[in-house]
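Take a look at the letters that make up each chain.
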Amino acid sequence: MIYLDNAATTRVKEEVIEAMMPYFCDKFYNPSSVYSPSRDVTKDINLAREVIANSIGACASEIYFTSGGSEADNWAIKGIALSRKDKGRHIITSKIEHHAVLETCKQLESLGFEVTYLNVDSEGLVNLEELENSIREDTILVSIMFANNEIGVIEPIKKIGEVCHKYNVLFHTDAVQAYGNLDINVNDMNIDLLSTSAHKLHGPKGIGFLYIKKGVLISTLISGGNQERAKRAGTTNTPLIIGFAKAVELKLKNMAANNEYVLNLRNHLVDRVIKEIPYVRINGSMDYRLPGNINFSFRFIEGEGMLLKLDMANICASSGSACTSGSLDPSHVLLAIGLPHEIAHGSLRISLNEENTYEEIDYTVDMLVKIIKELRNMSPIYEDFVKKEGNINV
């Protein structure tokens, strides 16, 4: 099986599993208890928190563990909205955010908050002037993702933070796709809140964190106990926290070399696809993009048929976010960058990491050439187009 969907999730590294195992059996103690074995576990958690804090230039006291990126997004946006509602009820986000952000904003709209959804250009980038013009006296939060999960576009995060702080507005970024793939320093980049998840960087599913800058007041999302310094209730998930820290340690240690390899691998994929498959376009900026992400749109085909045929060839890929798989609607991200429905429906997201090989890429392109040809030969729209246009490549 060739796995090319690392934006959806990643394989857990053996070293991460080994790091977690003792905390299921030998060190199973609840860190909230007072006896010495529990205190030893607490020390291990504190060390893990330090590793993660250092990875973004934060203090350990600013890291709060969650069940993943979706919870962290929900907490950041709802928590700030509830804690600052007396100062204002206006929130700004973008039209290409992850659904964990968009659905949270919709929920807040039903509670009387007002949300501005910024446009993006044809490459997927937020316009800083539009952002600044959208800020009002009652704006309490701006939430713009660090890097898009579908088209891999990296937003100008530092400049967005500068605009927000110019008007004393808090800035949250969903960094689920960026974390572990890009250098992040929350202080240098003017970030007040940052959310991420472990399973995107070879860590376990079910664990993430929310960075909350010291001094930022935020309401509690999950109540019940005094865990996470009385900010997030729930029994501390020790094994997953330890695994998260180990995954971060491994990822950051080799990030530069891995990114160079993955970028070359992606460029090889792009070169072959562009040369060998006609009527294809790349979605999103190639200048500001995650190394391992590429998003194609193939004209005259349906993405679902392409994915099923790839699956039959033992290739795992996607048409967009894993959170919307099964939906018949075209990607909201692709529509936001200006693609018509019929082209957005023929999209393919391939997301690579350091475990992928050139042999896998070559096999995938070979299969794509065959699959796209087969699907187009069954398309009456393509047949009419060929009769009209001949062999002209557009």
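Preceding this paragraph is the structure being described.
Report follows, based on the coordinates. (Residues numbered from 1 in each chain as written. Predicted model: local features only at pLDDT ≥ 70, side-chain atom pairs only at ≥ 80, totals over all residues. Heavy atoms only, no water.)

1. Examining unusual backbone geometry
This is how the line gets drawn: Helical segments are the DSSP runs of H or I of at least four residues, strand segments are the runs of E of at least two, and each set is numbered from the N terminus. Whether a residue is buried, partly exposed or exposed follows from its accessible area with a 1.4 Å probe, protein chains only, as a fraction of its type maximum: under 20%, in between, or over 50%, in that order.
Of note in the backbone geometry, Arg-229 takes a positive phi value of approximately 55 degrees without being a glycine. The topology assignment puts Arg-229 in helix α7 (residues 227–230). You can call Arg-229 partly exposed: its relative accessible area is 38%.

2. Focus: empty space enclosed by the protein
Leftover empty space is mapped by rolling, across the atoms, a probe with the size of a water molecule. Here is the rule we go by: A 1.4 Å probe that fits into a set of points on a 1 Å grid over the protein atoms alone but cannot get out defines a cavity; an open set with protein on both sides within 12 Å along at least five of seven lines defines a pocket, and lining residues are those with an atom within 4 Å of a point. Grid points are joined across faces, edges and corners, and a volume is the space filled by probe spheres set on the points. Residues were grouped as follows: Ala, Val, Leu, Ile, Met, Phe, Trp, Tyr, Cys and Pro as nonpolar; Asp, Glu, Lys and Arg as charged; and all remaining residues, including Gly, as polar.
Tallying each qualifying case throughout the model produces one cavity of 30 Å³ or more. In this structure, the largest cavity spans a volume of roughly 240 Å³. Taken together, 21 residues line the largest cavity, and the ones lying closest to its centre are Asn-6, Asn-181, Gly-292, Leu-352 and Asn-353. The dominant element in the lining of the largest cavity, judged by the number of residues it contributes, is helix α9 (residues 255–276), at three residues. Grouping the constituent residues of the lining of the largest cavity by class yields six nonpolar, 12 polar and three charged.

3. Considering helix α13 (residues 358–377)
Put simply, the rule reads: A helix's residues, less one, multiplied by 1.5 Å, set its expected span. Here, the arc refers to the directions that run from the helix axis to the C-beta atoms.
In this model, α13 (20 residues) spans 29 Å end to end at C-alpha, consistent with the 28 Å of a helix rising 1.5 Å per residue. Among all positions of α13, only Glu-360, Ile-361, Thr-364, Val-365, Leu-368, Ile-371, Ile-372, Leu-375 and Arg-376 are buried. All buried residues of α13 project into a common sector of 140 degrees when viewed along the axis, lining one side. Exposed residues pointing more than 90 degrees away from the buried face of α13 are listed as Glu-359, Lys-373 and Asn-377.

4. Points about the nonpolar core
The test is simple: The set of buried Ala, Val, Leu, Ile, Met, Phe, Trp, Tyr and Cys residues whose side-chain atoms join them within 4.5 Å is what this entry labels a nonpolar core. Should any heavy atoms of two residues lie within 4.5 Å, those residues are counted as being in contact.
Among the nonpolar cores identified, the biggest contains 63 residues, and Phe-146, Phe-209 and Phe-244 are the most heavily contacted of them. Of all the secondary-structure elements, those providing two or more residues to this core are α1 (14–20), α2 (36–55), β2 (63–66), α6 (157–166), β8 (208–212), α8 (238–253), α11 (332–336) and α12 (341–344). The element contributing the most residues to this core is α8, with seven residues. Phe-209 has contacts with Ile-52, Ile-56, Ile-63, Tyr-64, Phe-65, Thr-66, Ala-72, Tyr-179, Leu-194, Ser-195, Thr-196 and Phe-244, leaving out every residue within four places of it along the chain. Of all hydrophobic cores here, the second largest spans 27 residues; its members include Leu-265, Met-306, Leu-368 and Ile-372.

5. Brief notes about the sheet that holds strand β9 (residues 280–282)
This is how it is decided: Only strands joined by at least two bridges in the DSSP assignment are considered to pair. Axes, fitted as lines to C-alpha atoms, cover a helix only where it is in contact. Angles between the N-to-C directions of the axes lie from 0 to 180 degrees.
As summarised here, the arrangement of the three strands in space is β9-β10-β12, forming an open sheet in which the pairing is antiparallel. Across the chains shown, the open sheet's two edge strands, defined by having one partner strand only, are β9 and β12 (347–351). Each adjacent strand pair in this sheet contributes to an overall mean axis angle of 25 degrees, direction not counted. As judged from the three bridges shared by β9 and strand β10 (residues 293–298), these two strands associate in the antiparallel manner. Note that in β10 the partner of Val-280 across the bridge is Phe-298. Helix α10 (residues 303–312) rests against β10 and β12 of the sheet, and its axis sits at about 45 degrees to β12.

6. Digging into the pairing of strand β5 (residues 139–143)
Heads up, the rule is: Seen with its strands pointing away from the viewer, a crossover is right-handed when the path leading from the first strand over the helix to the second is clockwise.
Burial of β5 is extensive: five of the five residues sit out of reach of the surface. Two elements, β5 and strand β6 (residues 170–174), share three bridges in a ladder whose sense is parallel. Pairing of Leu-141 across the sheet is with Leu-170, part of β6. Running through α6, the crossover from β5 to the neighbouring parallel element β6 is right-handed.

7. So, the environment of Asp-138
The topology assignment puts Asp-138 in the loop between α5 (128–134) and β5. Overall, Asp-138 belongs to the partly exposed group, its relative accessible area being 26%. For the pair Asp-138 and Leu-221, spaced 83 residues apart in sequence, the C-alpha to C-alpha distance is 23 Å. Residues within four places of Asp-138 in sequence aside, it is in contact with Lys-87, Gly-88, Arg-89 and His-90.

8. A short note on the side chain of His-98
To keep it simple, the criterion reads: Counting of polar contacts relies on pairs of N or O atoms within 3.5 Å, with two restrictions inside protein: one atom must be capable of donating a hydrogen and the other of accepting it, and residues adjacent in sequence are counted only when both atoms are side-chain atoms.
With respect to the secondary-structure elements, His-98 resides in the loop between β3 (90–94) and α4 (99–110). Of note is the side chain of His-98, whose polar atom sits 2.9 Å from the backbone nitrogen of Ala-100.

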